[in-house]
Amino acid sequence: MFFHIKWGKEEGAKTLTFNANCRNILIIDKIRELTGYMDVSMMDIATEDGGLIGLSNALESKASELITPRETYVLVQVNKTSTDGENEEISYISLYEPTEGSLEIKEGGGKDKKKKK
């Protein structure tokens, strides 16, 4: 079982293929290494319509528990900021740039959410 991750500008976007039976922490580490985003502290993936998958919230789980096999996902940078030490704001930045418009990342794009549609 495998899945694809893409990043970069749509024209000339780069794609990697991963084994979905690997633990998410290993996949994220390999993504950082192969994409050159070693300085990005938190990463995740989203569906092509912007639904966040949540690999970074389940690091010890296997990707197969969250993704749909053979699908293509986009790479996402996760930013956490705290202004007062208690309240944390989370923002998501797509590292894939479609030719037209932008891709808004929203929570709730995992495999279980797709089945409910």
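Up top is the structure these notes are about.
Along every chain, residues carry numbers that run from 1 in the direction the sequence is written. Where totals are concerned, whole chains, interfaces and linings use all residues; where local detail is concerned, this predicted model gives features only for residues with pLDDT of at least 70, and gives and counts side-chain atom pairs only at 80 or more. Water and hydrogen atoms play no part in the side-chain values, which are based on all heavy atoms of the structure.

## Comments concerning the overall build of the protein chain
Each helix is a run of DSSP H or I of at least 4 residues and each strand a run of E of at least 2, with the numbering of both proceeding from the N terminus. Each helix and strand counted, the protein chain has 2 helices and 6 strands in total. Starting at the N terminus, the α and β elements of the protein chain follow one another as β-β-α-β-β-β-β-α. Radius of gyration: over C-alpha atoms. The globule rule applied is 2.2 Å multiplied by the number of residues raised to the 0.38 power. In terms of C-alpha radius of gyration, the protein chain reaches 14 Å, essentially the compact-globule figure of 13 Å for 117 residues. Along the longest, intermediate and shortest principal axes, the C-alpha atoms of the protein chain span 45 × 35 × 30 Å. In the protein chain, the proportion of contacts linking residues at least 24 apart, taken out of those at least 6 apart, comes to 58%. Of the accessible surface of the protein chain, which amounts to about 7,100 Å², a share of 46% is contributed by carbon and sulfur atoms. We treat Lys and Arg as the positive residues and Asp and Glu as the negative residues; His and chain ends play no part in the count. Each charge is placed at NZ for Lys, CZ for Arg, CG for Asp and CD for Glu. Between the averaged position of the 16 positive side-chain charges in the protein chain and that of its 20 negative side-chain charges there is a distance of 8 Å. Whether two residues touch is decided by their heavy atoms; if any such pair falls within 4.5 Å, the residues are in contact. Surface accessibility follows the Shrake-Rupley procedure with a 1.4 Å probe radius. Residue values consider only the protein chains on display as shielding.

## A word on the packing of aromatic side chains
Working definition: rings of Phe, Tyr and Trp (its six-membered ring) pair if their centres are within 6.5 Å, and the pair is stacked with planes under 30 degrees apart, edge-to-face with planes over 60 apart, and tilted otherwise. All told, the structure shown has 2 aromatic pairs when counted by the stated rule. A ring pair is formed by Phe3 and Tyr73, whose centres lie 6.1 Å apart and whose planes are at 80°; its orientation type is edge-to-face. Pair noted here: Phe3 is in strand β1 (residues 2-9) and Tyr73 is in strand β4 (residues 72-82), with a separation of 70 residues, a long-range link. Here the two residues Phe3 and Tyr73 agree in accessibility, since each one is buried. When a residue's accessible area, from a 1.4 Å probe over protein chains only, is under 20% of the maximum for its type it is buried; when over 50% it is exposed; and in between it is partly exposed.

## Things to note about the pairing of β4
In this structure, β1 lies alongside β4, joined through 3 bridges in parallel fashion. The residue bridging Lys6 from the neighbouring strand is Val74, located in β4. By the bridge criterion, 4 bridges tie strand β3 (residues 43-46) to β4 in an arrangement that is antiparallel. Residue pairing in the sheet places Met43 in a bridge with Gln77 of β4. Pairing between two strands is assigned when DSSP locates at least 2 bridges connecting them.

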